[in-house]
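Structural overview
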Amino acid sequence: MARNVGPHDRIARIVVGLAIAAGAYLGGLAPTAIIVLYVLAAYLLLTGLAGWDLLYKLIDVDTTVQEQPYSSTDDRAGL
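The rules behind the values
- Residues numbered from 1 in each chain as written.
- Predicted model: local features only at pLDDT ≥ 70, side-chain atom pairs only at ≥ 80, totals over all residues.
- Heavy atoms only, no water.
- Helix = DSSP H or I, 4+ residues; strand = E, 2+ residues; numbered from the N terminus.
- Buried < 20%, exposed > 50% of the residue type's maximum accessible area, 1.4 Å probe, protein only.
- Areas by Shrake-Rupley, 256 points an atom, 1.4 Å probe, with all protein chains shown as cover.
- Expected span 1.5 Å × (residues − 1).
- Arc of directions from axis to C-beta.
- Contact = heavy atoms within 4.5 Å.
- Phe/Tyr/Trp six-rings, centres within 6.5 Å; stacked < 30°, edge-to-face > 60°.
- Lys NZ or Arg CZ within 6 Å of the ring centre and 35° of its normal.
- Axes fitted to C-alpha atoms, helices over the stretch in contact; angles between N-to-C directions.
- Parallel < 35°, antiparallel > 145°, perpendicular 65-115°, else oblique.
- Left-handed = near helix turned anticlockwise from the far one by under 90°.
- Patch = residues over 30% accessible without salt bridge, like charges linked within 9 Å, V, L, I, M, F, W, Y side chains within 5 Å.
- Salt bridge = Lys/Arg side-chain N within 4 Å of Asp/Glu carboxyl O.

1. Observations concerning the overall build of the protein chain
Secondary structure assignment for the protein chain yields three helices and zero strands. For the protein chain, the α and β elements follow one another from N to C terminus as α-α-α. Classification of the 79 residues of the protein chain by burial places 20% in the buried group. Split by element, the accessible area of the protein chain, about 6,100 Å² in all, is 68% carbon and sulfur.

2. Observations concerning helix H2 (residues 31-50)
Compared with an ideal rise of 1.5 Å per residue, which puts 20 residues at 28 Å, H2 spans 28 Å between its outermost C-alpha atoms and is within 8% of the ideal. Listed in full, the buried residues belonging to H2 are Ala-41, Leu-44, Thr-47 and Gly-48. Projected down its long axis, H2 shows its buried positions confined to an angular sector of 140 degrees, all on one face. Exposed and oriented more than 90 degrees from the buried face of H2 are Pro-31, Thr-32, Ile-35, Val-39, Leu-46 and Leu-49. Buried residues along H2 sit in contact with helix H1 (7-26). Looking one or two residues beyond H2, the residue adopting positive phi is Gly-51, at roughly 80 degrees.

3. What about the packing of aromatic side chains?
All told, the structure shown has zero aromatic pairs when counted by the stated rule. One Lys or Arg, Arg-13, reaches over the ring of Tyr-56 and ends 4.8 Å from the middle of that ring.

4. Focus on the packing of H1 against H2
As a packed pair, H1 and H2 sit with axes 8 Å apart at the nearest point and diverge in direction by 155 degrees. The angle between H1 and H2 falls in the class roughly antiparallel. For the crossing formed where H1 meets H2, the hand is left-handed. Across from Arg-10, Arg-13, Ile-14, Val-16, Gly-17, Leu-18, Ile-20, Ala-21, Ala-24 and Tyr-25 in H1, the residues of H2 making contact are Ile-34, Leu-37, Tyr-38, Leu-40, Ala-41, Tyr-43, Leu-44, Leu-45, Thr-47, Gly-48, Leu-49 and Ala-50.

5. Section: a nonpolar patch on the surface
On the surface, a nonpolar cluster with roughly 520 Å² of combined accessible area is contributed by Tyr-43, Leu-54, Leu-55, Leu-58 and Ile-59. Considering each element in turn, the nonpolar patch owes the most residues, three residues, to helix H3 (residues 54-58).

So, in structure tokens, the structure goes:
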């Protein structure tokens, strides 16, 4: 499996996943809401740690592709 989650996306997923898990643990929510939050937190943490996301694969998104730095030289033929 090739990675399709970039480094900034991975960090954001891990931080948000930990925050959601902490909120579910500390918050006085209904049991169903706690389960949903834990599942969401686990999904974000696993995809952040693995660097691969099934939903990204299904919709053909790849955040690992980095833009090339701007070059002031013009390499086109004839110039």
